[in-house]
2 protein chains.
Amino acid sequence: MQRLLTSVKRVLQVKKAMQEASLSPASLLPGAHQRFSTVPAVPLAKTDTWPENVGILALEVYFPAQYVDQTDLEKYNNVEAGRYTVGLGQTHMGFCSVQEDINSLCLTVVQQLMERTQLPWDSVGRLEVGTETIIDKSKAVKTVLMELFQDSGNTDIEGIDTTNACYGGTASLFNAANWVESSSWDGRYAMVVCGDIAVYPSGNARPTGGAGAVAMLVGPKAPLALERAGIDRPFTLDDLQFMIFHTPFCKMVQKSLARLMFNDFLSASSNTKTSLYKGLEDFRGLKLEDTYTNKDLDKALQKASLDMFNKKTKASLYLSTHNGNTYTSSLYGCLASLLSQHSVQDLAGSRIGAFSYGSGLAASFFSFRVSQDASPGSPLEKLVSSVSDLPKRLASRKRMSPEEFTEIMDQREQFYHKVNFSPPGDISSLFPGTWYLEQVDELHRRKYARRPV
Amino acid sequence: MQRLLTSVKRVLQVKKAMQEASLSPASLLPGAHQRFSTVPAVPLAKTDTWPENVGILALEVYFPAQYVDQTDLEKYNNVEAGRYTVGLGQTHMGFCSVQEDINSLCLTVVQQLMERTQLPWDSVGRLEVGTETIIDKSKAVKTVLMELFQDSGNTDIEGIDTTNACYGGTASLFNAANWVESSSWDGRYAMVVCGDIAVYPSGNARPTGGAGAVAMLVGPKAPLALERAGIDRPFTLDDLQFMIFHTPFCKMVQKSLARLMFNDFLSASSNTKTSLYKGLEDFRGLKLEDTYTNKDLDKALQKASLDMFNKKTKASLYLSTHNGNTYTSSLYGCLASLLSQHSVQDLAGSRIGAFSYGSGLAASFFSFRVSQDASPGSPLEKLVSSVSDLPKRLASRKRMSPEEFTEIMDQREQFYHKVNFSPPGDISSLFPGTWYLEQVDELHRRKYARRPV
């Protein structure tokens with residue numbers, strides 16, 4: 001905390017971090033995944049102005065090891081085939097047993113990120129959690145995550161939790177980037193954690209659930225830099241090589257991209273309109289408020305935007321399609337999916353548009369500039385490689401029947417306010433290296449343990 | 001949101017703000033209090049480095065219009081005289097009826113700040129709320145506050161809510177300052193809002209309750225600047241002209257200052273020790289862990305530090321003594337109290353140390369540098385004048401009996417999860433200009449109204 005009157009403690013810590021980084025990387029915990037360092041392990045030099053290209057250096061996704069198939073759910077719920085898989089665009093839904101809660105999800109994803117990047121635990125100077133899965137109205141998830149840093153002696157980490165529906169992840173990311181650009185920055189990395197457990201009552205909304213978490217390392221010289229400057233004209237989709245959205249369900253995203261195209265159509269010159277936006281001419285004169293519910297426009301827009309959707313957005317929906325909604329981390333799961341589905345060469349130099357939304361409401365439309373350097377060993381190549389195992393990891397999950405899924409959802413409800421218990425279930429059903437809830441005591445204190453890697 | 005690809009909307013808004021500021025200040029709502037502008041109404045020019053002296057430009061405190069006297073509570077609870085008033089250092093405790101909740105408290109304090117400063121509503125570009133009084137686990141208080149900005153058309157305001165026990169106000173303040181120093185800053189002011197309703201079950205903890213909220217305007221050229229640089233040696237209390245603390249109850253603060261002095265004693269040279277820290281020599285060899293519970297040391301420390309407490313800290317406890325604990329806003333109520341109890345000349349050029357703490361835990365020790373300019377009309381003089389009515393406002397509250405207080409606390413519990421009701425009570429018991437809860441409908445939606453000024 002740069003605003004401390006005395007910085008002696010920090011100087012000592014940074015020295016320690018530098019020593020550890022150069023002398024003993026092998027002392028770090030072994031990682032569950034491919035091992036390499038995406039980012040330089042030595043803390044960065046502090047300057048008195050904004051450092052360059054502040055953004056995302058590393059990114060880690062966690063999802064539960066079990067899912068329910070949406071075609072199974074369609075049958076179980078006695079709805080027509082395709083209601084969930086086509087109508088919502090959802091094929092599988094991840095879910096947690098009572099053994100997992102928002103704290104365990106975040107513990108797991110932070111540990112994964114630290115192990116994959118092989119960073120010393122005291123190279124993190126800020127940690128902020130965005131979530132709307134609230135166990136405790138007062139205690140932050142961040143304070144639980146501090147347990148991971150305990151052995152390193154790193155108790156000097158700024159940041160707490162932030163909340164507004166699904167917007168918390170983006171708020172945390174912006175706060176982290178602002179910190180790096182401010183005089184408060186102490187030269188260390190910021191870590192942004194977001195995650196949620198989305199459960200709906202049985203019925204129409206239930207198949208739009210999901211569960212997961214994302215951790216991101218934020219600092220300068222990032223392969224995914226948050227763009228600072230606007231452009232001096234209204235932007236169109238042509239300015240974006242890729243476009244990702246907060247994803248309650250995938251079909252909504254396809255409609256959102258179509259809507260952006262409609263905006264482009266309305267503001268384009270007459271010549272452009274006819275040539276580029278085929279089939280939309282009939283809807284030119286509609287009042288804005290009438291466009292929201294017009295089904296003919298809806299169809300025409302989806303048709304007109306299909307190529308663009310396939311090119312700019314579809315790949316970003318890989319995780320959402322297979323795992324469902326994860327609220328605050330949904331957008332960043334889309335970012336991970338996009339990186340996992342494109343080559344480094346395709347991504348290099350591109351601009352990724354991002355729309356984040358939280359009910360209530362708070363929303364931001366912003367963009368990442370992907371670095372130009374696609375060479376092997378470049379920060380971009382390392383970042384992209386680190387998420388390349390996403391499809392394989394999703395495919396390794398266990399398929400559960402709708403009956404088992406329903407029983408576990410009922411269990412979650414039953415245990416929600418319970419104290420003095422150990423969650424039922426077999427820890428071997430979790431991915432290796434997963435943190436889980438071991439016990440809740442009579443004072444509601446939660447104790448966590450980790451399944452060995 | 002500077003990270004938007006197109007900034008056209010903002011440019012239009014800033015233009016509008018500038019026009020309103022220069023052309024029609026009279027169109028703003030009339031204020032309940034003394035009217036003057038503490039801060040320039042025109043948005044500030046954006047630079048590509050950190051602006052100077054980012055900190056607090058204006059500050060507003062709200063507390064409920066009713067209180068219970070702690071001597072009455074001592075009798076009512078059958079405890080010895082002085083248990084609360086001397087033992088805790090608390091003389092009065094403010095409390096809310098069912099008519100007030102965390103949203104109404106924050107609505108009131110934001111409206112007060114905007115009216116007192118006479119700023120246009122679209123001069124605010126960031127609004128963040130720190131609280132641990134959670135009505136809704138997902139929706140931010142900030143989104144409720146956006147209703148105040150609706151008429152101005154200012155929908156472009158960054159920030160959501162932040163939570164970790166009593167630390168949320170400080171996290172919001174740091175986030176706001178970081179934003180102003182970052183590339184995300186759009187040249188407008190940040191507003192930090194913190195507040196809580198502290199209610200304990202009947203018994204020993206109950207007299208440590210309270211209720212209130214603070215709003216702060218954050219920007220460059222502030223009379224209370226957040227200090228950026230540390231000093232290159234361990235600081236002592238001599239480096240601080242004033243010292244304020246998070247205040248669960250006032251006696252704890254007196255002990256905290258005493259503990260800081262003990263730290264100074266331990267690290268001072270032998271000569272200094274004997275001359276400055278009288279009566280502490282006997283405790284020089286104690287193990288650190290034994291010092292926490294040693295009652296003789298406690299007494300000796302309080303005696304040795306009494307002059308320093310009276311000089312540097314006591315004035316900051318005015319609001320806490322008379323209103324009680326307000327969690328996230330406690331420290332900033334202390335800041336307001338300090339400003340209200342000292343002359344501009346006393347304050348000018350001083351350094352105010354601040355210790356913020358939230359259970360769980362998160363804590364920061366930081367400092368404000370007060371501007372040198374104490375001349376009439378200076379930003380500092382305006383800020384100090386704006387809080388000078390604090391004692392008068394506290395004195396104007398209504399004294400309620402312990403029986404009435406207890407009945408209202410029971411009512412709050414009874415209505416906590418209720419829907420479809422209008423809170424009982426007379427709005428004339430609120431201060432003029434106070435927002436209050438008018439209705440909660442069957443879907444838990446809360447509707448607010450304002451008592452006329």
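Residues numbered from 1 in each chain as written. Chains lettered and ligands numbered in written order. Predicted model: local features only at pLDDT ≥ 70, side-chain atom pairs only at ≥ 80, totals over all residues. Heavy atoms only, no water.

### Quick notes on the relation of the copies chain B and chain A
- When chain B is fitted to chain A, the residual RMSD is 0.0 Å, and the transformation amounts to a turn of 180° plus an axial shift of 0.0 Å. A rotation of that kind, with that shift, is consistent with a two-fold axis. Identified as the residue of chain B closest to the rotation axis by C-alpha distance is B:T162, at 2.1 Å.
- Both copies contact each other with a shared surface, as 100% of the interface residues of chain B are interface residues in chain A too. (Least-squares fit on C-alpha atoms with pLDDT ≥ 70 in both. Contact = heavy atoms within 4.5 Å.)

### Focus: the side chain of A:Q302
- Within the secondary structure, A:Q302 sits in helix α10 (residues 295-312).
- Apart from the residues within four sequence positions on either side, A:Q302 is in contact with A:K251, A:Q254, A:K255 and A:A258. (Helix = DSSP H or I, 4+ residues; strand = E, 2+ residues; numbered from the N terminus.)

### Section: the packing of helix α4 (residues 102-117) of chain A against helix α5 (residues 141-149) of chain A
Residues and elements named next belong to chain A.
- Here α4 crosses α5 at 40°, and the two axes come no closer than 9 Å. Relative to α5, α4 is oriented oblique. In this structure, the crossing between α4 and α5 has a hand that is right-handed. Between α4 and α5, the residues in contact are I102, N103, C106, L107, V110 and Q111 and V141, V144, L145, L148 and F149, respectively.
- Partitioned by chemical class, the residues of the contact of α4 with α5 number nine nonpolar, two polar and no charged. (Axes fitted to C-alpha atoms, helices over the stretch in contact; angles between N-to-C directions. Parallel < 35°, antiparallel > 145°, perpendicular 65-115°, else oblique. Left-handed = near helix turned anticlockwise from the far one by under 90°. Nonpolar A, V, L, I, M, F, W, Y, C, P; charged D, E, K, R; others polar.)

### Side note on the confidence of the model for chain A
Residues and elements named next belong to chain A.
- Residues of chain A with pLDDT of at least 70 account for 89%, and the chain-wide mean is 90.
- Considering only residues more than four positions removed or in separate chains, one finds that residues 1-37, a stretch of pLDDT under 50, has 97 contacts.
- Confidence estimates for the predicted assembly give a pTM of 0.92 and an ipTM of 0.91. (pLDDT = per-residue confidence, 0-100.)

### Digging into the sheet that holds strand β3 (residues 92-94) of chain A
Residues and elements named next belong to chain A.
- The mixed open sheet is built from three strands, whose spatial order is β3-β2-β12. Edge positions in the open sheet fall to β3 and β12 (398-400), since each of these has one partner strand only. Across this sheet, the average inter-strand angle for adjacent strands is 40°, counted without regard to direction. (Pairing = 2+ DSSP bridges.)

### Focus on the environment of B:K398
Residue and element names in this part refer to chain B.
- On the secondary structure map, K398 appears in strand β12 (residues 398-400).
- Sequence separation of K398 and C250 is 148 residues, and the distance between their C-alpha atoms is 22 Å.
- Once residues lying within four places of it in the same chain are set aside, the contact partners of K398 are A65, Q66 and Y67.

### Description of the sheet that holds strand β3 (residues 92-94) of chain B
All names here are of chain B.
- Reading across from one edge, β3-β2-β12 is the order of the three strands in this open sheet, with mixed pairing throughout. The strands lining the two open edges of the sheet, one partner per strand, are β3 and β12. Sheet twist, expressed as the mean angle between neighbouring strand axes with direction ignored, is 40°.
- Here strand β2 (residues 66-69) pairs with β12 via three bridges, running parallel. Each residue of the ladder has a partner; that of V68, found in β12, is M400.

### Structural notes on the interface of chain B and chain A
- Facing 58 residues of chain B, the contacting portion of chain A comprises 58 residues.
- The contact between chain B and chain A buries some 5000 Å² in all, and 54% of this surface belongs to carbon and sulfur atoms.
- The interface formed by chain B and chain A includes zero salt bridges.
- Here chain B is connected to chain A by 26 residue pairs in polar contact (both at pLDDT 80 or more).
- It is helix α6 (residues 168-181) of chain B that provides the largest number of residues to the side of chain B that touches chain A, a total of eight residues.
- Across the side of chain B that touches chain A, the residue classes tally to 24 nonpolar, 20 polar and 14 charged.
- Two strands pair when backbone bridges link them, and strand β5 (residues 161-163) of chain A and strand β5 (residues 161-163) of chain B are joined in this way by three bridges, in the antiparallel orientation. Bridge pairing links A:T162 to B:T162 in β5(B). (Buried area = accessible area lost by both parts, 1.4 Å probe. Salt bridge = Lys/Arg side-chain N within 4 Å of Asp/Glu carboxyl O. Polar contact = N/O pair within 3.5 Å; in protein donor to acceptor, adjacent residues only side chain to side chain.)

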